[in-house]
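Now for the letters of each chain:
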Amino acid sequence: MSDHSTSCRLSRRGAMASIGAAGMALVHYTSSSLAQGADMETQTSPARYLTAQLMQAQATQKEGEWLETSGFHAPGDGGGALYQLQKPEDRKANGADTIALKNGLVAVLHESEAINYRMFGAVSDGKSDDGVQMKLAHDYANQHQVPVVNPAGEFWVRKTTGIVIKTNVHWGKAIIHIDERHNSRRTPRFIVQNDEPTVDLSTNEKVKKALIAK
């Protein structure tokens, strides 16, 4: 066998060895990447709880984690929502969109499409003042510019006043009972406000006439 043949065969062996080492490295890198991806997927998948009370009782979650509930007081009661854990800092827990947990963190509501009164803890038992949760719901809606969609159910407003509404509301067939014994002429129960700055049309005669005509 010639020196040339021997060197070619050695070169092939070296190349195969190099490819083998590179292949092993690639497999190791790919496996590590997939494992990291799986870990990240596990971390970003929200932990699920049947109710907000069960979520509140847990003390194992960490800051930044996402949590999801199937209901507020009971599974399927319409109050299921998505939350993220944060440090309290300047956020005051209110038992509705900011819920204090036993581990010192707070679960902060994250709903960007629509909300309802059940998500804020309205119980609809005919005894409690659901107006408290309704007011918190509209405050959240006004701040985050989302509609309040509550097409069914019965709610009782006892003493709560000054519920400010600045976004779209869909009550559908929902029934709202108002305890008139606590009515006040100075403070209405609901205050519907514009979400845009007020525009003075007194100097625009054309627009003013068009509005009056309609």
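Just so we're clear, the structure is a prediction, and the values are computed from it rather than from any experiment.

*Asks:* Describe the overall build of the protein chain, with residues and values.
*Replies:* For the protein chain, the helix and strand inventory stands at four helices and 11 strands. Taking all 214 residues of the protein chain together, the buried fraction comes to 28%. Residue pairs in contact within the protein chain that sit at least 24 positions apart in sequence constitute 47% of those at least 6 positions apart. Put simply, the protein chain shows about 14,100 Å² of open surface, and 55% of that area lies on carbon and sulfur atoms.

*Asks:* How would you summarise the packing of aromatic side chains if you had to cite specific residues and measurements?
*Replies:* Applying the stated criterion across every chain yields a total of three aromatic pairs. Between Tyr117 and Phe155 the ring centres are 5.4 Å apart and the planes differ by 80 degrees, which places this aromatic pair in the edge-to-face class. Here Tyr117 is found in the loop between strand 5 (106-109) and helix 3 (131-144), whereas its partner Phe155 is found in strand 7 (residues 154-157), with 38 residues between them in sequence. Classification of Tyr117 as buried rests on a relative accessible area of 0%. A residue is classified by how much of its surface remains accessible, and Phe155, at 0% relative accessible area, is buried.

*Asks:* Let's hear about the sheet that holds strand 1 (residues 47-49): which residues, and what values?
*Replies:* Strand pairs in the sheet, formed through backbone hydrogen bonds, run parallel or antiparallel to each other. The sheet built from five strands is open, its strands ordered 1-2-3-5-4 with mixed pairing. Only two strands of the sheet have a single partner each, and these edge strands are strand 1 and strand 4 (98-100). Between one strand axis and the next, the sheet turns through 30 degrees on average, direction left out of account. Note: strand 2 (residues 66-69) against strand 3 (residues 82-86), three bridges, orientation antiparallel.

*Asks:* Just give me the short version of the pattern of salt bridges, but keep the residues and values in it.
*Replies:* Evaluated as defined, the whole model comprises five salt bridges. Here Arg158 ties to Asp179 by a salt bridge, and the two come within 4.0 Å at their closest N and O atoms. In this pair, Arg158 sits in the loop between strand 7 and strand 8 (163-165) while Asp179 sits in the loop between strand 10 (175-178) and strand 11 (190-192), placing the two residues 21 residues apart along the sequence. A salt bridge links Arg181 to Asp179; the shortest N-O distance between them is 2.8 Å.

*Asks:* Provide a residue-level description of the side chain of Arg189, including the pertinent values.
*Replies:* In this structure, Arg189 sits in the loop between strand 10 and strand 11. The charged side chain of Arg189 is buried without a salt bridge, its nearest counter-charge being Asp179 at 5.9 Å. One polar contact links the side chain of Arg189 to the main-chain carbonyl oxygen of Thr160, over a distance of 3.4 Å. Excluding its chain neighbours within four sequence positions, the residues that come into contact with Arg189 are Val157, Arg158, Lys159, Thr160, Thr161, Gly162, Ile163, Ile178, Asp179, His182 and Asn183.

*Asks:* I'd like a description of the pairing of strand 5, backed by residues and values.
*Replies:* A regular strand places its side chains on the two faces of the sheet in alternate fashion. Burial along strand 5 is two-sided: the residues Val106 and Val108 and Ala107 and Leu109 are all buried. The sheet contact formed by strand 3 and strand 5 spans four bridges and is antiparallel. When the bridges of strand 5 are listed, Gln86 appears paired with Val106. Connecting strand 4 to the antiparallel partner strand 5 that follows it, the hairpin turn spans five residues, and Gly104 within it adopts a positive phi of roughly 90 degrees.

*Asks:* Account for helix 3, naming residues and giving values.
*Replies:* In this model, helix 3 (14 residues) spans 20 Å end to end at C-alpha, consistent with the 20 Å of a helix rising 1.5 Å per residue. Within helix 3, burial applies to Gly131, Gln133, Met134, Ala137, His138, Tyr140, Ala141 and Asn142. Phi for Gln145, located one or two positions after helix 3, is positive at around 55 degrees.

*Asks:* Requested: an account of the side chain of Thr69, with residues and values cited.
*Replies:* Inspection of the secondary structure assignment puts Thr69 in strand 2. The exposure class of Thr69 is buried, given its relative accessible area of 6%. Leave out the neighbours within four places in its chain, and Thr69 touches Tyr49, Thr51, Ala52, Met55, Gly79, Gly80, Ala81 and Tyr83.

*Asks:* How would you summarise the confidence of the model for the protein chain if you had to cite specific residues and measurements?
*Replies:* Do not read the fine detail of predicted coordinates wherever pLDDT is low. Summary statistics for the protein chain give a mean pLDDT of 82 and a share of 79% for residues scoring 70 or more. Segment residues 1-43 is flagged for pLDDT under 50; beyond a separation of four residues in sequence, or across chains, it makes two contacts in the model.

About the thresholds
Residues numbered from 1 in each chain as written. Predicted model: local features only at pLDDT ≥ 70, side-chain atom pairs only at ≥ 80, totals over all residues. Heavy atoms only, no water. Helix = DSSP H or I, 4+ residues; strand = E, 2+ residues; numbered from the N terminus. Buried < 20%, exposed > 50% of the residue type's maximum accessible area, 1.4 Å probe, protein only. Contact = heavy atoms within 4.5 Å. Areas by Shrake-Rupley, 256 points an atom, 1.4 Å probe, with all protein chains shown as cover. Phe/Tyr/Trp six-rings, centres within 6.5 Å; stacked < 30°, edge-to-face > 60°. Pairing = 2+ DSSP bridges. Axes fitted to C-alpha atoms, helices over the stretch in contact; angles between N-to-C directions. Salt bridge = Lys/Arg side-chain N within 4 Å of Asp/Glu carboxyl O. Lys, Arg positive; Asp, Glu negative; His and termini not counted. Polar contact = N/O pair within 3.5 Å; in protein donor to acceptor, adjacent residues only side chain to side chain. Expected span 1.5 Å × (residues − 1). pLDDT = per-residue confidence, 0-100.

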